[in-house]
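Observations on chain architecture
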Amino acid sequence: MAVKKDKYNVVGKSHPRLDGVYKASGRSQFADDVILPGMLYGKIVRSPYASAKILNIDTSKAKKLPGVKAVITNEDINGFMFGPDEQLLCDKKVYCFGDEIAAVAAIDEDTALEAAESIKIDFEPLKPILSIEEAMAQGAPVLHEYLEDNIADEIDINFGNIEKAFEESDHIREDEFIVRPNHSCFSEHHIAVADFSLPNKLTIWTPIQSSAIIQNNMAFNLGLSTSNVRIMNLNTGGAFCGRGADKGFHYITAFLSRKTAKPVKLMCSADEEFLVFRGGGTFKIKLKTGVKKDGTLKAVEAKVLADCGAYMETQFIVLRFMATSLQMLYKLEGARFNGKLVYTNNPPYFFHHGTGMVTLRFAFGSQLDRIAEDIGIDPAEIRLKNAVDKGYTTLSKIHYASCGLKDCIKKVVKKSGWKRKRGKLPPYRGIGIGCGIIRSGGKGMFTHDTSAIFIKVSEDGKVFLFTGLPDMGQGSHTAMAMIAAEVLGISANNITVISGDTDIAPLDVGAMSQRGTFTTGNAVINAAKDVKKQLIKSASKILNVPTSSIVFRDNKVFPKDNPEQTISFEDLVFQTLYSDEGRFIMGRGFYNPPCQAADMSTLQGNSSLAYSFGAQVAEVEVDPETGKVKVLKMTVAHDVGFAINPLGVEGQLDGQVFSGMGQALYEECLMEDGQVLNPSFLDYKTPRAFDMPEVERIIVESNDPYGPFGAKEVGQGPIQCTTQAIANAVSNAIGWPISELPITPEKVLKAIQEKKQAERKN
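Residues numbered from 1 in each chain as written. Predicted model: local features only at pLDDT ≥ 70, side-chain atom pairs only at ≥ 80, totals over all residues. Heavy atoms only, no water.

What about the overall build of the protein chain?
Across its full length, the protein chain carries 19 helices and 29 strands. Radius of gyration (C-alpha) of the protein chain: 27 Å, near the 27 Å computed for a compact globule of 762 residues. Considering only C-alpha atoms, the protein chain reaches an extent of 85 × 75 × 45 Å along its principal axes. The 762 residues of the protein chain split such that 60% are buried. Of the contacts formed within the protein chain by residues at least 6 apart in sequence, a portion of 80% connects residues at least 24 apart. As displayed, the protein chain has an accessible area near 30,200 Å², and 51% of this comes from carbon and sulfur atoms. If you average the places of the 86 positive and of the 91 negative side-chain charges in the protein chain, the two averages end up 5 Å apart. (Helix = DSSP H or I, 4+ residues; strand = E, 2+ residues; numbered from the N terminus. Rg over C-alpha atoms; globule rule 2.2 N^0.38 Å. Buried < 20%, exposed > 50% of the residue type's maximum accessible area, 1.4 Å probe, protein only. Contact = heavy atoms within 4.5 Å. Areas by Shrake-Rupley, 256 points an atom, 1.4 Å probe, with all protein chains shown as cover. Lys, Arg positive; Asp, Glu negative; His and termini not counted. Charge placed at Lys NZ, Arg CZ, Asp CG, Glu CD.)

Written as structure tokens, this is what we have:
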């Protein structure tokens, strides 16, 4: 049920970003803008082999170079381990191209680079394992000697009665899909400025999605108390799942700073971005799905092999996200997921924008179109028939307190002209649909999922909102200001959001799992209510009316039944401070969703209170001579619960269509011998602004009972739909199924040839 547009004064109305002027005028500061007295510059020496023994490391020449202040190897950091299977600096063997071996700090970047290049390392190259198949072959050498095989992680999960559901199916289809390695392409390179010059106090400036996670991890690994690690996150130039935790270069910078007693800046070069990126690796997915003749889905089985590269790091969550999401979007009676993370000598991976689930959504969404064709039902109709709805509980006990999936499907079908166009477009024009779901925050990272907020009200009525939630370009800080403004009855322009310093800002788990608007938004409401509660008491005395009758609206405070008897918000704050009590207004609040993390062994449980849903229709045109795909139009509907800032929601929809289009058509790390062959933003293809299609945006509001003013996420939900919609549109245009991402021109031409050969045989 949509909220009446005049119910609120601030939220629900489009508002420009509060930091827009600073960003557009170049005044926003990023980590590379940090210049500290006596600061040194760091460089890392990396492996030129995917697999090799280290025979000798000679740092003598580098140490003699004028201007060099420190050279560190594994010996200097006491064999520091970065995770259970990864040395921070390798000493005996390297496991992937770019593995860190040594690092230097010098008075300037040129000297640091010269020193790094002067370190002589003798290698004995080994035959690398470069594919999932090689790693799993019988008798294959084992990458990490302490293991019995190259399986880094495996899960085998059943939901419901899968055998019975397949037995009752009228039609069973099996398909295979492949997704190639890709990169998250941040506009801001990986960078850290570390100051470890004070005893037991480490300060790091770095772009990050979660200051809390990097603070906790670095404190634990370095033997410091949490408060003795200060994270400074000024602005973050893109994240897309890739800046969620600490990485090796954070520790290397810290060790260099500790050794020199000077602050050190270490910024990755463009080439290094493709060594430390932790984007998505190769995924191979086998899907088996059972369905009734009328299109009712019964069972889905997925077998997934994922190349995790040389080190697992936090990739264990990838398989678990995929397993759970398999049964979240459509009503099923049985689901089974078997997934394996496989060690290879490729770079360690994680996942690209969309928390790994975009890969599975592409596969399942593509297969659903083929099933629809098999049984003679419209692809949109089979999705609508099986879509989950409000009140539904999935096989893994996930419960939907709100759900606008069916509304999204109906609206994109109508707005896109689906029925008028499907099967009736000119040759090599196609239309396709995709659907998605994602949670709005939730438990799992910690036992809590807490966001805390502190609000300070100055005597002139200006409000300062302190948060640990970073804004990576998604407009979260503007949304938080709007939420506080709505509660306090003031303009969002009178609120300044202060973030990015763990010594000042209260705890926030961070901008991940699509939790910002939902979780931090609820914390903002609680803190703003604390402020309001204090001001109401003062207003009651000044206006001589009961506290229950006080209204805050339009920067004024007045009795509900006498709007003419007003005092401005500014005057109320001033008079409260300059009263006998002398109260300075400070509010505080936190929010921890009252739910439990899913059981890690069964994945059963409702780890989030709210889930958002979406549907998109893509219309494409294929050039049969070149294989190039042009996306003509995207019709995008997303259930956001309630749009706090409709302008911001539209920006998020546009951004995710753009990113999803990149994953669908362009983005691939071309690999050879464990090395990325296109390690620059010139050679790694991404869409350009002129590639952006027309986007028709539809905001669906299902008014979630737990969300702030009913709001849910619009973080990585929309991108769940984009790749499958485009892939299905391409398949529709060429009349042949697409089974691999990205859909490059070469693959399109190959598919067209395969179709012609099949037609000749028939």
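Moving on, there is more to tell.
Some thoughts on the environment of serine 51
Considering the arrangement of structural elements, one finds serine 51 in the loop between strand S1 (40–46) and strand S2 (52–58). For serine 51, a relative accessible area of 6% translates into the label buried. The residues contacting serine 51, other than those within four sequence positions of it, are Lys93, Val94, Pro125, Leu126, Pro128 and Asn345.

Considering the side chain of glutamate 86
By the secondary structure assignment, glutamate 86 is in the loop between strand S3 (68–72) and strand S4 (93–94). Put simply, glutamate 86 is tucked away with no salt bridge, and the nearest opposite charge, on arginine 278, sits 4.0 Å away. Setting aside chain neighbours within four positions, we find glutamate 86 in contact with Met81, Arg278, Tyr311 and Glu313. (Salt bridge = Lys/Arg side-chain N within 4 Å of Asp/Glu carboxyl O.)

Looking at the sheet that holds strand S7 (residues 151–160)
What links the strands of a sheet is backbone hydrogen bonding, and the strands pair in either a parallel or an antiparallel sense. The 6 strands are arranged S7-S15-S14-S13-S8-S29 in an open sheet whose pairing can be described as mixed. Bordering the open sheet on either side are S7 and strand S29 (740–741), each of which pairs with just one other strand. Sheet topology places strand S8 (residues 171–179) next to strand S13 (residues 283–291); 9 bridges connect them, and they run antiparallel. Across the sheet, the residue bridging to isoleucine 178 is lysine 284, located in S13. Strands S8, S13, strand S14 (297–309) and S29 of the sheet are contacted by helix H10 (residues 357–375), whose axis makes an angle of about 145 degrees with S8. (Pairing = 2+ DSSP bridges. Axes fitted to C-alpha atoms, helices over the stretch in contact; angles between N-to-C directions.)

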